Structures are given as structure tokens and as C-alpha cells.
Amino acid sequence: MNVIERRLEILRIMNAKRKSNVAELAEALNVSTRTIQRDIQALITVVPLVCISGNGGGIQLLDGYHLHNNIFTKEEADVIKSVMQHSNEYEKKILTEMLKTYASCYCPIENT
């Protein structure tokens, strides 16, 4: 998992759980707590995450803020690309738009 995939997964987790902590995220993503701390520092610049220190603290996504619910994983994007090889032109157009909208961070969409 590269840094973009990992940060997207952090956002997916935070969108679903709303609150977590560095240790939980590190375990879920099989990386060090320091890696998660660096990721959170980067994400805070673009997403309203709040870090709360102390007992019961952690990382929280601000109430009322919701990320797009359908961000594809790399595996999901790969499956769609595979399906595109067996699709008609109309289906390819729709699938290409889906990839552009929900998975553009994984790879540029080539004209097929």
C-alpha cells in the first residue's frame, strides 16, 4: 500500500468510525504509529480532523463533515478496469467516468 492508498484508507476509516486513535489506525494498516502520525499531519491540512490529547482522546472527524462514501480501493479500481475489457462502448464510457470520479488517484485513465 503506497502513501496515497494508506491516507485514503485512513479517511475511509475515519468517515465510518468518526473517531479513532493512532495505535488503532497503525494496527489496522500494518504500519508504525509514527507513519500514522505523519499521515494525520498531512491530512489535517485538507480534512477537518481534530487531535484530542489525554485519556479518551484520539483523532476525530468533525461532526457534520462527511467524505465521499464511495472512494474505490485500488483492488476495486483494478476489477473495474478488468470488466471494461469485456464491455461495450456505452458501458466503457460509464465505467471510465466512475474511475475518473472515484479512483483517479490510483492511475490515470487511458483511452480504451
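Above this text you will find the structure in question.
Description of the structure in this document. Every chain begins its residue count from 1, and numbering advances along the sequence as written. Given that the model is predicted, a residue must reach a pLDDT of at least 70 before its local features are reported, and side-chain atom pairs must reach 80 or more before they are shown or counted; all residues, however, enter totals for whole chains, interfaces and linings. Each side-chain value is worked out from all heavy atoms of the structure, with water and hydrogens disregarded.

## Section: unusual backbone geometry
Here is the rule: Helix and strand assignments follow DSSP, with helices taken as H or I runs no shorter than four residues and strands as E runs no shorter than two, numbered in order from the N terminus. When a residue's accessible area, from a 1.4 Å probe over protein chains only, is under 20% of the maximum for its type it is buried; when over 50% it is exposed; and in between it is partly exposed.
The backbone of Arg-18 sits at a positive phi, close to 75 degrees, despite the residue not being glycine. Structurally, Arg-18 is set in the loop between helix 1 (3-17) and strand 1 (19-20). Given a relative accessible area of 17%, Arg-18 falls into the buried group.

## So, the pattern of salt bridges
Cut-off, in case you're wondering: A pairing counts as a salt bridge when a side-chain nitrogen of Lys or Arg comes within 4 Å of a carboxyl oxygen of Asp or Glu.
Using the criterion set out here, one finds five salt bridges in the structure. Salt-bridge contacts for Asp-39 lead to Arg-7; the nearest nitrogen and oxygen are separated by 2.8 Å. Of the two residues, Asp-39 is situated in helix 3 (residues 33-44) and Arg-7 in helix 1; the sequence distance between them amounts to 32 residues. Relative accessible area serves as the criterion here: at 26%, Arg-7 is assigned to the partly exposed category. In this structure, Lys-17 and Glu-24 form a salt bridge, with 3.2 Å as the shortest nitrogen-oxygen distance. Lys-17 gets classed as partly exposed once you look at its relative accessible area, which sits at 45%.

## Quick notes on the packing of helix 1 against helix 2 (residues 22-29)
Where we set the bar: Axes here refer to lines fitted to C-alpha atoms; in helices the fit is confined to the stretch in contact. Angles between the N-to-C directions go from 0 to 180 degrees. Any angle that is under 35 degrees is reported as roughly parallel, and any over 145 degrees as roughly antiparallel; angles of 65 to 115 degrees are reported as roughly perpendicular and all others as oblique. For any helix crossing, the convention is left-handed if the near helix is rotated counterclockwise from the far helix by under a right angle, and right-handed if that rotation is clockwise. Whether two residues are in contact is decided by their heavy atoms: any pair within 4.5 Å suffices. Asp, Glu, Lys and Arg are counted as charged, while Ala, Val, Leu, Ile, Met, Phe, Trp, Tyr, Cys and Pro are counted as nonpolar; the rest, among them Gly, fall into the polar class.
Running from amino to carboxyl end, helix 1 crosses helix 2 at an angle of 125 degrees, the nearest separation of the two axes being 11 Å. Relative to helix 2, the element helix 1 is oriented oblique. In the crossing of helix 1 with helix 2, the sense of the turn from one axis to the other is right-handed. In contact with Arg-6, Glu-9, Ile-10, Ile-13, Met-14 and Lys-17 of helix 1, helix 2 contributes Glu-24, Leu-25, Ala-28 and Leu-29. For the contact of helix 1 with helix 2, a count of residues per class yields six nonpolar, no polar and four charged.

## Some thoughts on helix 1
For clarity, the cut-off: One fewer than the residue count of a helix, multiplied by 1.5 Å, yields its expected span. We call two N or O atoms a polar contact when they sit within 3.5 Å, provided that within protein one can donate a hydrogen and the other can accept it, with sequence-adjacent residues counted only if both atoms are side-chain atoms.
Between its first and last C-alpha, helix 1 extends 21 Å over 15 residues, near the 21 Å set by a 1.5 Å rise per residue. Listed as buried for helix 1 are Glu-5, Arg-6, Leu-8, Ile-10, Leu-11, Ile-13, Met-14 and Asn-15. Those residues of helix 1 hidden inside the fold are in contact with strand 1, helix 2, helix 3, strand 2 (49-52), strand 3 (58-61) and helix 4 (74-84). For helix 1, the N-terminal cap is Asn-2; the gap from its side-chain oxygen to the backbone nitrogen of Ile-4 is 3.0 Å. Arg-18 sits one or two residues past helix 1 and shows a positive phi near 75 degrees.

## Notes on the sheet that holds strand 3
To keep things clear, this is the line we draw: Pairing between strands is defined by DSSP: at least two bridges between the two strands are required.
The three strands are arranged 1-3-2 in an open sheet whose pairing can be described as antiparallel. Two strands in the sheet have a free side with no partner beyond their single neighbour: strand 1 and strand 2. Pairing of strand 2 with strand 3, which is carried by four bridges, proceeds in the antiparallel orientation. Residue pairing across strands places Leu-49 opposite Leu-61, the latter belonging to strand 3. Across the sheet, helix 3 is in contact with strand 2 and strand 3; its angle to strand 2 comes to roughly 135 degrees.

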